[in-house]
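Here is how the chains run, residue by residue.
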Amino acid sequence: MSEEEKKLPFIPEEWSDAASSVSCSSLQPVIALVCGPKNSGKSTFSRNLVEVLLQRYKRVAYLDTDVGQPEFTAPGFLSLTVVDKSILESDWTVPCVKTPERCFFYGDVSSKRDPKAYLRYVYTLFDYYQLYFCKSSENKTELPLVINTPGWVKGIGYDLLVDILRYVSPSHVVKINISAYNKNLPAGLFWLDGNDDETAHLIEIQSAYKDRYNRSVLIHKDGHLMRDMRIIAYFKQCIKGKEVNTIKELTHELASHTPYEVPVSSLTINHLHCQIPSTEVYYSLNASIVGLGVSNDVFEDLPSCVGLGIVRGIDTERGILYVITPVPENVVEKVDLLLQGYIQIPTCLLEVKDYRSPYLSANVLAST
């Protein structure tokens with residue numbers, strides 16, 4: 001087995017058959033929603049499904065509703081991404097970062113803090129897909145859509161999943177089960193109340209992870225570590241033209257990276273899920289990750305988010321924020337919204353021996 005093959009995930013025959021069933025479907029448009037308990041392999045199956053669909057379609061839309069472990073963005077985002085080339089060209093063991101067609105910064109790694117806002121973002125992204133990618137015309141062809149969902153399938157998480165299923169009315173639902181039966185979703189078309197005329201092709205498969213008795217099991221992944229890896233992969237895009245192989249090298253490169261100077265007077269600062277006293281705004285922003293929004297780029301009354309930035313320092317006298325971001329300068333110039341949530345800078349980017357953190361300004365360092 002080659003080194004490239006070792007980096008690919010194990011795809012059992014049952015999974016391949018499920019993906020082929022979706023890809024070869026006569027139903028149009030193909031809208032496939034993947035669901036199941038956490039760590040059952042939803043992201044891996046979704047990614048493989050995109051790969052299979054690309055063999056038939058030139059492009060595939062991907063709606064990611066998992067704010068904790070999204071596939072193509074940093075944590076805290078809900079996004080609609082169009083994939084137009086094989087993902088197998090990349091290493092599946094590292095995060096794959098892509099620029100979405102549309103995304104919203106929810107600002108947390110779980111939908112439980114504000115379920116209503118979460119659902120509104122999901123619905124709006126699906127509406128965007130329907131408007132721009134789902135309708136055939138002379139100039140464009142409807143794209144298949146893969147929807148990846150969170151692994152929180154109990155309590156409110158279950159209710160949110162049912163709401164999403166009813167809203168998008170998928171042509172296919174792929175439900176992944178594990179051997180811990182009490183953690184699985186209910187059998188059958190669980191999101192329908194019996195009075196609905198809607199029909200969907202339900203495909204139930206077992207998790208690919210096996211124990212020594214050849215039973216599917218729940219693999220406990222370090223979610224915090226995976227989120228840090230995705231944030232690191234995102235900000236690594238700031239470094240161009242240099243090979244960066246270690247966290248220490250990345251930290252030093254980011255420290256020497258020229259930040260954007262952003263006047264506070266040109267910004268509207270929105271604190272998501274919390275209220276911050278006006279006297280504490282500077283302190284709350286310093287050394288934080290923020291969403292970069294554009295207020296005049298609106299769809300269904302929701303402004304777009306063009307990426308993330310790190311507020312690396314603040315000049316309170318001049319009213320200037322120093323922000324580093326991989327977002328191109330011509331796009332940054334349009335940013336007039338800063339969205340602050342609960343996405344934290346990975347501690348590994350702050351803790352470098354004998355090196356002062358570049359993300360803390362002098363007044364904060366003096367108080368620590």
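The name given to the chain in an unreviewed UniProt entry is Polynucleotide 5'-hydroxyl-kinase NOL9-like, with the source organism recorded as Camelina sativa. Of the comments in the UniProt record for the chain, the one headed Subcellular location (unreviewed entry) reads "Nucleus, Nucleolus". Its UniProt record, at the heading Sequence similarities (unreviewed entry), says of the chain: "Belongs to the Clp1 family. NOL9/GRC3 subfamily."

S.K.: Is there a simple way to think about the packing of helix α2 (residues 13-23) against helix α3 (residues 42-54) in this case?
M.R.: When two helices pack together, their arrangement is given by the angle between their axes and by how far apart the axes lie. α3 packs onto α2 with a crossing angle of 50 degrees between their chain directions and a minimal axis gap of 9 Å. By the angle class used here, α2 and α3 are oblique. In this structure, the crossing between α2 and α3 has a hand that is right-handed. Residue-level inspection shows Trp-15, Ala-18, Ala-19, Ser-20, Val-22 and Ser-23 of α2 in contact with α3, the latter providing Thr-44, Phe-45, Asn-48, Leu-49, Val-52 and Leu-53.

S.K.: Any chance you could explain the sheet that holds strand β8 (residues 260-263) here in plain terms?
M.R.: Sheets are built from strands paired through backbone hydrogen bonds, the pairs being either parallel or antiparallel. Strand order in this open sheet of six strands is β8-β12-β11-β10-β13-β9, and the pairing throughout is mixed. The two strands at the open ends of the sheet, each matched to only one other strand, are β8 and β9 (268-271). Going from strand to strand, the sheet's axes swing by 40 degrees on average, the running direction of each strand aside.

S.K.: Where do I start with the side chain of Asp-64 in this structure?
M.R.: With respect to the helices and strands, Asp-64 occurs in strand β2 (residues 60-64). For Asp-64, the side chain forms a polar contact with the main-chain nitrogen of Glu-71, separated by 2.5 Å. If we ignore the near neighbours within four places in the chain, the residues touching Asp-64 are Pro-70, Glu-71, Phe-72, Leu-78, Ser-79 and Asn-148.

S.K.: Where do I start with the packing of helix α4 (residues 115-132) against helix α5 (residues 156-168) in this structure?
M.R.: At a closest axis distance of 11 Å, the pairing of α4 and α5 adopts a crossing angle of 25 degrees. As summarised for this structure, α4 and α5 are arranged roughly parallel, according to the angle between their axes. Considering only the axes of α4 and α5, their crossing is right-handed. Contacts between α4 and α5 involve Pro-115, Tyr-118, Leu-119, Val-122, Tyr-123, Phe-126 and Asp-127 from the first element and Ile-156, Leu-160, Asp-163, Ile-164, Tyr-167 and Val-168 from the second. Here the contact of α4 with α5 is composed, by residue class, of 11 nonpolar, no polar and two charged.

S.K.: Which parts of the structure should I look at to understand the packing of aromatic side chains?
M.R.: Working definition: an aromatic ring pair is given by the centre-to-centre distance plus the angle between the planes. For the coordinates displayed, the defined rule picks out 16 aromatic pairs. Consider the rings of Tyr-128 and Tyr-132, whose centres lie 4.6 Å apart with planes at 45 degrees: the pair is tilted. Residue Tyr-128 and its partner Tyr-132 are located together in helix α4, separated by four residues, close to a single helical turn. On the basis of relative accessible area, Tyr-128 is assigned to the buried category, the value being 12%. By relative accessible area, Tyr-132 is classed as partly exposed at 39%. Seen from their ring centres, Phe-190 and Trp-191 are 5.2 Å apart, and the 85 degrees between their planes marks the pair as edge-to-face. Of the residues examined, Phe-190 reaches a relative accessible area of 11% and is grouped as buried. In this structure Trp-191 comes out as buried when scored by relative accessible area, which is 0%. Members of the aromatic cluster, connected to one another through ring pairs, are Phe-104, Tyr-106, Tyr-118 and Tyr-121.

S.K.: Please clarify how α2 should be interpreted in this entry.
M.R.: Turn by turn, an α-helix covers 3.6 residues, leaving residues three or four places apart pointing in a common direction. Burial in α2 covers these residues: Trp-15, Ala-18, Ala-19, Val-22 and Ser-23. Mapping the buried residues of α2 onto a view down its axis gives an arc of 135 degrees, with all of them on the same face. On the buried face of α2, the contacting elements are β1 (31-35), α3, β6 (172-177) and β7 (201-206).

S.K.: I keep staring at the sheet that holds strand β5 (residues 145-148) and nothing clicks. Help me out?
M.R.: Pairing in this open sheet of seven strands is mixed, and the strands run β4-β3-β2-β5-β1-β6-β7 from one edge to the other. Here the strands that pair on one side only, and so sit at the sheet edges, are β4 (102-105) and β7. Across the sheet, the axes of successive neighbouring strands diverge by a mean angle of 15 degrees, strand direction being ignored. Sheet topology note: the β1/β5 ladder contains four bridges and is parallel.

Here is what the cut-offs are and how they apply
- Residues numbered from 1 in each chain as written.
- Predicted model: local features only at pLDDT ≥ 70, side-chain atom pairs only at ≥ 80, totals over all residues.
- Heavy atoms only, no water.
- UniProt positions renumbered as here; feature names shortened; annotations may be inferred.
- Axes fitted to C-alpha atoms, helices over the stretch in contact; angles between N-to-C directions.
- Helix = DSSP H or I, 4+ residues; strand = E, 2+ residues; numbered from the N terminus.
- Parallel < 35°, antiparallel > 145°, perpendicular 65-115°, else oblique.
- Left-handed = near helix turned anticlockwise from the far one by under 90°.
- Contact = heavy atoms within 4.5 Å.
- Pairing = 2+ DSSP bridges.
- Polar contact = N/O pair within 3.5 Å; in protein donor to acceptor, adjacent residues only side chain to side chain.
- Nonpolar A, V, L, I, M, F, W, Y, C, P; charged D, E, K, R; others polar.
- Phe/Tyr/Trp six-rings, centres within 6.5 Å; stacked < 30°, edge-to-face > 60°.
- Buried < 20%, exposed > 50% of the residue type's maximum accessible area, 1.4 Å probe, protein only.
- Arc of directions from axis to C-beta.

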